[in-house]
Amino acid sequence: MDTLFGDQYDAKDEKSNLFADIILPVPIPKMFTYKVPRNLSEEIGIGYRVIVQFGKKKVLTGIIGKVHQKPPSNYEAKPIMDLLDSYATVNPIQIRFWAWMAEYYCCHIGEVMNAALPSGLKLSSESKIQLNPTFDADTCSYPLDDREEILLQALGQKEEMSYEDCESVLGLKSIHVIIKSLVIKEAILVFEQVKEKYSPKVEARVRLANAYAADKKLLEALFNEISVKPKQEEILLKYLQEVPVYKKPELNQKGIEKKVLTDAGLSTSSLKTLVKNGILEEYKLIVSRFEREEGSDEEISLSSEQNEALIQIKQEFEEKNTVLLHGITGSGKTELYITLIKEVLAGGSQVLLLLPEIALTTHMVGRLRKVFGSKMGVYHSKYSDNERVEVWNGVLSGKLSFVVGVRSSIFLPFDSLGMIIVDEEHESSFKQFDPAPRFQARDAAIMLSWLHQAKTLLGSATPSFESYYNARMKKYGYVALDKRFGEAQLPAYYLADMLVDKKKNLLKLDFTRMLREKIQEALNNQEQVLIFQNRRGYAPYISCEDCGWIPECEHCDVSLTYHQFGEEMRCHYCGFKEKVPNTCPACGSNKLSAVGLGTERIEESLALLFPEARIARMDLDTTRSKYGYQRLLEDFGSGNVDILVGTQMITKGLDFDKVTVVGIMDADRILYFPDFRAGERAFQQITQVAGRAGRRDKKGSVIIQTRKPDQAIFEQIISGDYKQFYIQEMGDRQRFYYPPFVKIIKITTRHKDFKTAEKAAKYLHNLMGEIPVKKILLGPEKGLIGKIKNQYIFESIAKLDRSSNAQAQFKHELQHILEELQAQKEFRTVRFVVDVDPY
DNA sequence: AGCACGCCGACT
DNA sequence: GTCGGCGTGCTC
């Protein structure tokens, strides 16, 4: 962090040359020093966007990290090409936050920048090609080949072309050589065009020319004149109907949307004529992409329990920065949030509410919008980039003081956060896995709060063990809300033994008798049913009934997933697909059958078991479109669906009175996941789905299908005894050194050659062993999936003491070790990935 | 990460 | 002979 906050430069000292260390969106572990041109030296500052030449070809958007006067010693710094704005896009708190994240999650600050800035704020540079005006093909001393001729001809017709245009003209994918040759022959010019990707939304509007609006007599005269042209008259009448200029001339200034007139079926050519004759005038207005609604200052009335909780939360915040709100489903956390948010906003601070992705599309956002109106921004992954830039700018300009968003919204340019609320704090989707930075948004939010001297409220019905542990250790405050709001009752649980049913031949298409009867009962009473299975698709794999052969991916160490659509088998990891063979390639048998249960298959089974019921499915495949999720929710809410089968998506945001039965198809699948967190997750998932059953007057039923009904965890889920479950599970965590007692860092080693990957992983492991920090090292082991996309995978796990010193030292040494290894020829092409708190 | 430069196999 | 495969090195 030190490197970022060195001495400030003295702007008055004009004689000295200024240099800027710039954060660039590239995965290289340092900033780059550029020269600040004289004319920019007064305007530039930390957090400003600039464009710079990087390497030979690339032009990149960078963020100024530091300004100083120390010229680089071993190279000549290139100049900054341009300053993009007259203000800082990123504030100093954010830069500190980025630096913290890069350090804590072992990645490069450029990678953090990449994740943080919406791509609309990163300029794209595109190479454009133009005909050289001084070039004459006839006098050219070099011969041109056919392809070059074609390209030149195409260029003659257009002013400029991009590389892609050239590729499509020639139908070739690599045109570099041709371009290069033409440049040498001085036939074309290549130049960089930098353009801003973000474009504001513009509304075309029309209004009456000012003369007519100001003078009623003139307007009357106009009508007399125009009555012989009925189409134009119609337009004017429509306009006056929408904008009563007679009564309120000042309204004319804003006019109306052009669309209003054209959508009304009025003649567009007459409209054009009116404009041409100076009667109407057109103008453009930059508008927001978000609907603006005024917030109503509706009083939220809290129940006595909620009020009590609110008082407790505030008390806890007196001495602690983070409070865990443990509130069971349906206890009315939302009302509490709203009350708190209102208070913080009234105090002049900003608020961020983090929600898991799936919860964001639900009615919660609509509810908040009603209360907070236009000062609330929504930051969602399904929003377009332009929309994200608008939220960013809204926060930057102060227009938005409250944002509801997914994990990446922690990067928005808040400058005075008063509170961050993380709802459904236990949700694993707050952790980013794939591209670096591999951050946990809940944890990062706590850090961000600290940087702002703000408070963090974590809310959950089933807290993560980390948070609960911190609460018990008095590091966090703890407030429980354990009564359901209104008269809603807790559901009744039933354990259905699949093995017993199977023996008695009562298991039909994977449904136990218990579950089938409960569903039937609900259908008879016109009530709704939810079926939960956390696996999409039809079936996980296909197997030969005679020899047990299972089709596997050619590039990865996984079985191929069977998709009913197109009779295909697909690889989940690399996208490889293959037709289902007619006979087993191993033994020739034709008894190939699908094994296992996906939502698609359950939907099919339900249709067979309950032919009269209306069945719908909700999973990634049916909700991919922007409104797919909402449509399904509405369908279900309005009672057009009797049975909804889905993945964990159905655990969020379904608040419907008519759900009385919830079925969990295969609890064992959740429970026997090979991971120390399996129990914790099972408790969370089952409790969350179960929470959907039975609202208001009627007690709901939850049917858990399992092959081992006598496990302690079921008892604890049924009694809702989170604490008991926690205490028991924590025994194991402590005995076997698992979080939250230790911190885990996972290091993945990947290479296309098995031997090299193994050797690198072992080397790494030995070197890590020498780090003088108290630790436990596991591995290196072949990954859970040994090969992905033809890359062999090894994993090492380091378990460290919870003290941040030990972690920091270990990470620091680890970076050195990795650099050292990558410097060796043998391991140059090996990829190492560090994942901190991987989960 | 991209992207250039540079050195070896399979094709018009 | 060339196209184009990807190993290696660099980016202020």
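For every chain, the first residue of the written sequence is number 1, and numbering continues from 1 along that sequence. The naming scheme follows written order: chains are lettered A onward, ligands numbered 1 onward. Two thresholds apply to this predicted model, a pLDDT of at least 70 for residue-level local features and 80 or more for giving and counting side-chain atom pairs, whereas whole-chain, interface and lining totals are computed over all residues. The side-chain quantities take in all heavy atoms of the structure and omit both hydrogens and water.

- An unreviewed UniProt entry lists chain A under the name Replication restart protein PriA, from Fontibacter flavus.
- UniProt positions are given in the numbering used here, feature names are shortened, and annotations may be inferred rather than shown by experiment. Quoted straight from UniProt, the Subunit (unreviewed entry) entry for chain A says "Component of the replication restart primosome."

## A closer look at the pairing of strand β14 (residues 376-379)
- Summary of the burial criterion: residues with accessible area below 20% of their type's maximum are buried, those above 50% are exposed, and those between are partly exposed, where the area comes from a 1.4 Å probe applied to protein chains only. Comment: elements are numbered from the N terminus, with helices defined as DSSP H or I runs of at least four residues and strands as E runs of at least two. Neither face of β14 is left uncovered, since the one carrying Met376 and Val378 and the one carrying Gly377 and Tyr379 both have all their residues buried.
- Note on pairing: two strands pair once DSSP finds at least 2 bridges between them. Summarising the sheet, β14 and strand β15 (residues 402-405) pair through four bridges and their orientation is parallel. When the bridges of β15 are listed, Met376 appears paired with Phe402.
- When the strands point away from the viewer and the connection leading from the first strand across the helix to the second strand turns clockwise, the crossover is called right-handed. For the crossover from β14 across helix α14 (residues 385-397) to β15, the handedness is right-handed.

## Re the sheet that holds strand β12 (residues 322-327)
- Pairing within the open sheet is parallel, and its seven strands lie in the order β14-β15-β13-β16-β17-β12-β18. The two strands at the open ends of the sheet, each matched to only one other strand, are β14 and β18 (477-481). Within the sheet, the average angular offset between the axes of one strand and its neighbour, ignoring direction, is 15°.
- Pairing geometry for strand β16 (residues 417-423) and strand β17 (residues 455-460), over five bridges, is parallel. Pairing of Met419 across the sheet is with Lys455, part of β17.
- Note on definitions: a residue-residue contact is assigned when non-hydrogen atoms from the two residues lie within 4.5 Å. Only C-alpha atoms enter the line fits that serve as axes; for helices the fit covers just the stretch in contact. Angles between N-to-C directions range over 0 to 180 degrees. Against the sheet, helix α11 (residues 304-319) engages β12, β16, β17 and β18, with an angle of about 175° to β18.

## Comments concerning the protein's contact with DNA strand C
- Nearness is judged by heavy atoms alone; a residue qualifies as near a molecule or strand once a single heavy atom is within 4 Å of it. Around DNA strand C, the neighbouring residues are Ile28, Lys30, Phe32, Thr33, Tyr34, Gln53, Phe54, Gly55, Tyr75, Ala77, Lys78 and Arg828.
- Each atom of DNA strand C within 4 Å of the protein belongs either to a base or to sugar and phosphate, the latter forming 56%.
- The definition of a polar contact used here is a pair of N or O atoms within 3.5 Å, where within protein one atom must be able to donate a hydrogen and the other to accept one, and adjacent residues in sequence count solely through side-chain atom pairs. Within the side chain of Tyr34, an N or O atom sits 3.2 Å from a phosphate oxygen of DNA strand C.
- In this structure, Gly55 approaches DNA strand C through a main-chain N or O atom, which is 3.2 Å from a sugar or linking oxygen.
- Secondary-structure elements contributing two or more residues to the surface near DNA strand C are β2 (32-36) and β3 (49-54).
- The element that contributes the greatest number of residues to the surface near DNA strand C is β2, accounting for three residues.

## Some details on the pattern of salt bridges
- For salt bridges, the criterion is a side-chain nitrogen of Lys or Arg within 4 Å of an Asp or Glu carboxyl oxygen. Per the stated rule, a full pass over the model turns up 30 salt bridges.
- Two residues, Glu282 and Lys258, come together in a salt bridge whose shortest N-O distance is 2.7 Å. Linking Glu282 in strand β11 (residues 280-287) with Lys258 in helix α9 (residues 258-263), this pair joins segments that are 24 residues apart in sequence.
- Since its relative accessible area comes to 26%, Lys258 is described here as partly exposed.
- As a salt-bridge pair, Glu517 and Arg513 come within 3.7 Å of each other at their nearest N and O atoms. Separated by four residues within a single helix, Glu517 and Arg513 lie in helix α18 (residues 513-524), roughly one turn from each other.
- For Glu517, a relative accessible area of 47% puts it in the partly exposed group.
- Residue classification places Arg513 among the partly exposed positions, given a relative accessible area of 43%.
- One network of salt bridges, in which partners are shared, links Glu466, Arg677, Glu680 and Arg733.

## Focus on the pairing of strand β29 (residues 701-706)
- Among the six residues that make up β29, six are buried, leaving the element largely enclosed by the rest of the structure.
- Side chains Ser701, Ile703 and Gln705 project from β29 onto one buried face, and the interleaved Val702, Ile704 and Thr706 project onto a second face that is buried too.
- Across six bridges, strand β19 (residues 492-497) lies against β29 in parallel orientation. If you follow Tyr493 over to β29, its bridge partner there is Val702.

## Things to note about the packing of aromatic side chains
- Only the six-membered ring of Trp is used, alongside the rings of Phe and Tyr, when aromatic pairs are assigned; centres must lie within 6.5 Å, and planes under 30 degrees apart are stacked while those over 60 apart are edge-to-face, with the rest tilted. The final tally for this structure, using the stated rule, is 23 aromatic pairs.
- Taken together, a centroid distance of 5.9 Å and an interplanar angle of 10° make the contact between Phe97 and Trp100 stacked. Of the two residues, Phe97 and Trp100 both sit in helix α1 (residues 92-104), three residues apart, roughly one turn of that helix.
- We classify Trp100 as buried; its relative accessible area is 14%.
- For the ring pair Phe411 and Phe439, a centre distance of 5.4 Å and an interplane angle of 75° mean the geometry is edge-to-face. Within this pair, whereas Phe411 is found in the loop between β15 and β16, its partner Phe439 is found in the loop between β16 and α15 (441-452), the two being separated by 28 residues in sequence. Residues Phe411 and Phe439 agree in their burial class; the two are buried.
- Joined through ring pairs, the aromatic side chains of Phe465, Tyr468, Tyr478, Phe683, Tyr722, Phe725 and Tyr726 make up one cluster.
- Criterion for a charge above a ring: Lys NZ or Arg CZ within 6 Å of the ring centre, and within 35 degrees of the ring normal. The positively charged end of Arg207 is found above the aromatic ring belonging to Tyr283, 4.0 Å away from the centroid.
- One residue, Lys811, lies across the ring of Tyr104, its end atom 3.5 Å from the ring centre.

## Some points on the confidence of the model for chain A
- Confidence scores here are pLDDT values: one per residue, from the predictor, ranging 0 to 100. Per-residue pLDDT for chain A has a mean of 87; in total, 92% of the residues score no lower than 70.
- In the model, residues 1-15 has pLDDT below 50 throughout and makes 25 contacts with residues more than four positions away in sequence or in other chains.

## Observations regarding the side chain of Thr748
- Structurally, Thr748 is set in strand β30 (residues 743-751).
- You can call Thr748 buried: its relative accessible area is 12%.
- In contact with Thr748, other than residues within four places in its own chain, are Ile793, Phe794, Glu795, Arg831, Phe832 and Val833.

## A closer look at the state of the cysteines
- Cysteine sulfur atoms are paired as a disulfide whenever they come within 2.5 Å of each other. Going through the model one piece at a time under the given rule, you end up with zero disulfides.
- Cys107 takes part in no disulfide bond, and the closest cysteine sulfur, belonging to Cys106, lies 8.0 Å away.
- We classify Cys107 as buried; its relative accessible area is 11%.

## With respect to the sheet that holds strand β1 (residues 18-23)
- Read from one edge to the other, the open sheet built from five strands follows the order β2-β1-β4-β3-β5, with strand pairing classed as antiparallel. The sheet is open, and its two edges are formed by β2 and β5 (80-83), each paired on a single side. If you compare each strand with its neighbour and ignore which way they point, the axes differ by 45° on average.
- Sheet topology note: the β3/β5 ladder contains three bridges and is antiparallel. Within the sheet, the bridge partner assigned to Val50 lies in β5 and is Leu83.
- Docked against the sheet, α1 engages β1 and β4 (58-68), running at close to 105° with respect to β4.

## Re the UniProt feature "binding site: Zn(2+) 1" (unreviewed entry) in chain A
- Here the UniProt feature "binding site: Zn(2+) 1" (unreviewed entry) sits at Cys544, Cys547, Cys584 and Cys587. Taken along the chain, the residues just named run across 44 residues; in space they keep tight, none of their C-alpha pairs more than 8.6 Å apart.
- By secondary structure assignment, the location of Cys544 is in strand β21 (residues 541-544).
- Cys544 gets classed as buried once you look at its relative accessible area, which sits at 2%.
- If near-sequence neighbours (up to four positions away) are discounted, Cys544 is found in contact with Trp549, Cys584, Cys587, Ser589, Lys591 and Leu592.
- In this fold, Cys587 is placed in the loop between β24 (577-579) and β25 (592-595).

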